[in-house]
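Listed below, chain by chain, are the residues.
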Amino acid sequence: YNSTHTYQVRARNAEGFSEWSEELSTASLQDPWRNVPTPTSVSWNGGDTWGAIENGFDHDLNTMFHSSDNTALGQPMVIDYGQAYQLDKFVYTPRQDNGGNGNVVSLKVETSLDGVNWVVQQESSEWKTGNNADGLASKTVELTGFARYVRLTALSSSGGFFSAGELALYKVDGTSGFEVGSLPSAPYTVGTED
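The structure reproduced in this document is the subject of the present report. Quantities reported herein were computed from a predicted structural model and do not represent experimental measurements. (Residues numbered from 1 in each chain as written. Predicted model: local features only at pLDDT ≥ 70, side-chain atom pairs only at ≥ 80, totals over all residues. Heavy atoms only, no water.)

Quick word on the pattern of salt bridges
Stage number 1. One pass over the structure, following the stated rule, counts 4 salt bridges.
Stage number 2. Two residues, aspartate 80 and arginine 148, come together in a salt bridge whose shortest N-O distance is 2.7 Å. You can see aspartate 80 sitting in strand β8 (residues 77-93) and its partner arginine 148 sitting in strand β12 (residues 146-157), a full 68 residues away along the chain.
Stage number 3. Residue classification places arginine 148 among the partly exposed residues on the basis of a relative accessible area of 23%.
Stage number 4. In this structure, arginine 151 and glutamate 110 form a salt bridge, with 2.8 Å as the shortest nitrogen-oxygen distance. With arginine 151 in strand β12 and glutamate 110 in strand β9 (residues 104-112), this pair connects stretches of sequence that are 41 residues apart. (Salt bridge = Lys/Arg side-chain N within 4 Å of Asp/Glu carboxyl O. Helix = DSSP H or I, 4+ residues; strand = E, 2+ residues; numbered from the N terminus. Buried < 20%, exposed > 50% of the residue type's maximum accessible area, 1.4 Å probe, protein only.)

Quick look at the side chain of glutamate 110
Stage number 1. Among the residues examined, glutamate 110 registers a relative accessible area of 6% and is labelled buried.
Stage number 2. Polar contacts involving the side chain of glutamate 110 include one to the side chain of arginine 151, which spans 2.8 Å.
Stage number 3. Once residues within four sequence positions are removed from consideration, glutamate 110 is found in contact with Trp118, Val119, Val120, Gln121, Tyr149, Val150, Arg151 and Thr153. (Polar contact = N/O pair within 3.5 Å; in protein donor to acceptor, adjacent residues only side chain to side chain. Contact = heavy atoms within 4.5 Å.)

Describing the sheet that holds strand β6 (residues 49-51)
Stage number 1. Across the sheet, which stays open at both edges, the 3 strands sit in the order β6-β7-β13 with antiparallel pairing between neighbours. The sheet is open, and its two edges are formed by β6 and β13 (163-164), each paired on a single side.
Stage number 2. Pairing between β6 and strand β7 (residues 65-67): 2 bridges, direction antiparallel. Opposite glycine 51, over in β7, you have histidine 66 as the bridge partner. (Pairing = 2+ DSSP bridges.)

Laid out in structure tokens, this is it:
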């Protein structure tokens, strides 16, 4: 990702090779996950899973998180990112195997700096779901403020399960994480003795 590559080409036929072309340079795309912090821990009391919770955060849409029974609705999942971030958006990507079982139809998204006091970013959104292209599309919740924790509660889903191909919190591009209690920009950080 985000690297420069230089190329030269030449042709070959029955009579031999041409001269090398002039050098051509191009840059690859930026890492699409560059603004998605990795959770330090995830807690959830929604029962057993047959797709590990970690699969929801591995940046691989070929894996999935999936509850193993249909008692997952209403059970909050708390994601701790270890540091606070300036929030941009949260993106829920359904499982991509066309099954649709467990794809979230409505989701409550909350954020917190301390894991105790929560701000509701979205109470519910009736997203289309199921065995069709619209149902497999990612759903975005625009976020405001700063947070270390995100709490997700699936309110309704296909089949009463909770599944996801990816659960991605995005920070604002160009910003960094910071300790709660510090200001988001240096040098005003907790623990610094000057």
